[in-house]
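# Summary of the model geometry
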Amino acid sequence: MVKKRILFFTGAGISQESGMMTFRGKEGIWDRIDPEKVASIRAWNSGRHADCNSRRQAVLDFFNPIRRQIIDHAPNDAHRAIAALENEYDVVVVTQNGDDFHTRAGSSQVIYLHGEALKNCSTANPHLCWEIDRDNPDIHIGDKAPDGSQVRPYVIFFGENIDKRLWQQAVKATRNADIFVIVGSTMLVYPAAELIAKTRHDCKICIIDPQPLTLPPECNTRQFTQIQATATAGMHQLTELLPNW
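Residues numbered from 1 in each chain as written. Predicted model: local features only at pLDDT ≥ 70, side-chain atom pairs only at ≥ 80, totals over all residues. Heavy atoms only, no water.

### Some remarks on the side chain of Ser-122
Checked against the element boundaries, Ser-122 lands in strand β4 (residues 115-122). Setting aside its immediate chain neighbours within four residues, Ser-122 contacts Leu-128, Trp-130, Ala-145, Asp-147, Ser-149, Gln-150 and Arg-152. (Helix = DSSP H or I, 4+ residues; strand = E, 2+ residues; numbered from the N terminus. Contact = heavy atoms within 4.5 Å.)

This is the structure:
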């Protein structure tokens, strides 16, 4: 028997119940901090040498604590529920999150669309990446990649393009999906928000979020089911609904 294919598209809301901060929406990080100053490619690359190091230090001062927070926290029941569905379904996870909670929870097919915060990469060649030392996760000005350039977090900064290879994988998985489930994402970040427009017309769309939501403008003709609950409670409800879909 061929397994139904489910694609889970996840955002910061699914990791909030693990103790992680959210970025958008009510009380999100970007309400308090200007992302252009701490998470953009312009901040990382602009200015003369001394000024550039100062700007880069601001970026590292933002990301280093987040990396330590990821290490100190663990997947929650929503992550584990998604992983458990692999027993009955062909499950692919496409996540905007930089944490590794889906992998730690046991999901075997995870596309980290915006990068992986627990990896380092080269400034000169951002696709050259490697796992961090989890006992010493911080990056410092002067740390060198194998190619001699400054080490940076392996994440997509504002102003950078998503890795084409990862995007193609996400699009392929979306087009193959029988069920497309959004968990903890406002679907406001592009081009990730474009994925829902690439689902087949017979694909069932479900949104798990405690707040009332609508689909992006390019998808406003699509029908969808909303489970108005937190990620963990919503995943429990979804697992009860799935056998009838």
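### Focus on the sheet that holds β4
Read across the open sheet, the 3 strands follow the order β5-β4-β6; overall the sheet is antiparallel. Of all the strands in the sheet, the pair left with one neighbour each is β5 (129-131) and β6 (151-155). Taken pair by pair, the neighbouring strands of this sheet meet at an average axis angle of 45 degrees, ignoring direction. Looking at chain direction, β4 and β5 are connected through 3 bridges and run antiparallel. Within β5, the position partnered with Lys-119 by the bridge is Glu-131. (Pairing = 2+ DSSP bridges. Axes fitted to C-alpha atoms, helices over the stretch in contact; angles between N-to-C directions.)

### Quick look at the nonpolar core
With 23 residues, the main nonpolar core has Phe-8, Val-181, Val-183, Ile-208, Met-235 and Leu-238 as its most contacted residues. Phe-8 has contacts with Ile-82, Leu-85, Val-91, Val-92, Val-93, Val-94, Val-181, Val-183, Met-235 and Leu-238, leaving out every residue within four places of it along the chain. (Core = buried A, V, L, I, M, F, W, Y, C linked by side-chain atoms within 4.5 Å. Buried < 20%, exposed > 50% of the residue type's maximum accessible area, 1.4 Å probe, protein only.)

### Digging into the packing of aromatic side chains
Ring pairs (aromatic) are described by centroid distance and by the angle formed between their planes. Counted by the stated rule, this structure contains 4 aromatic pairs. Between Trp-44 and Phe-157 the ring centres are 6.0 Å apart and the planes differ by 40 degrees, which places this aromatic pair in the tilted class. One end of the pair, Trp-44, is in helix α3 (residues 41-45); the other, Phe-157, is in the loop between β6 and α7 (164-176), and 113 residues separate them in sequence. An identical accessibility class is assigned to Trp-44 and Phe-157; each is buried. Taken together, the aromatic side chains of Trp-44, Phe-62, Phe-63 and Phe-157 make up a single cluster linked through ring pairs. Directly above the ring of Trp-245 sits Lys-204, whose terminal nitrogen or CZ lies 4.7 Å from the centroid. (Phe/Tyr/Trp six-rings, centres within 6.5 Å; stacked < 30°, edge-to-face > 60°. Lys NZ or Arg CZ within 6 Å of the ring centre and 35° of its normal.)

### Overview of α7
Along its 13 residues, α7 runs 18 Å from first to last C-alpha, staying within 8% of the 18 Å computed at 1.5 Å per residue. Turning to α7, its buried residues are Leu-166, Trp-167, Ala-170, Val-171, Ala-173 and Thr-174. Looking straight down α7, one finds its buried side chains confined to an arc of 165 degrees; they lie on one side. Of the residues in α7, the exposed ones pointing more than 90 degrees away from the buried face are Lys-164, Gln-168 and Lys-172. (Expected span 1.5 Å × (residues − 1). Arc of directions from axis to C-beta.)

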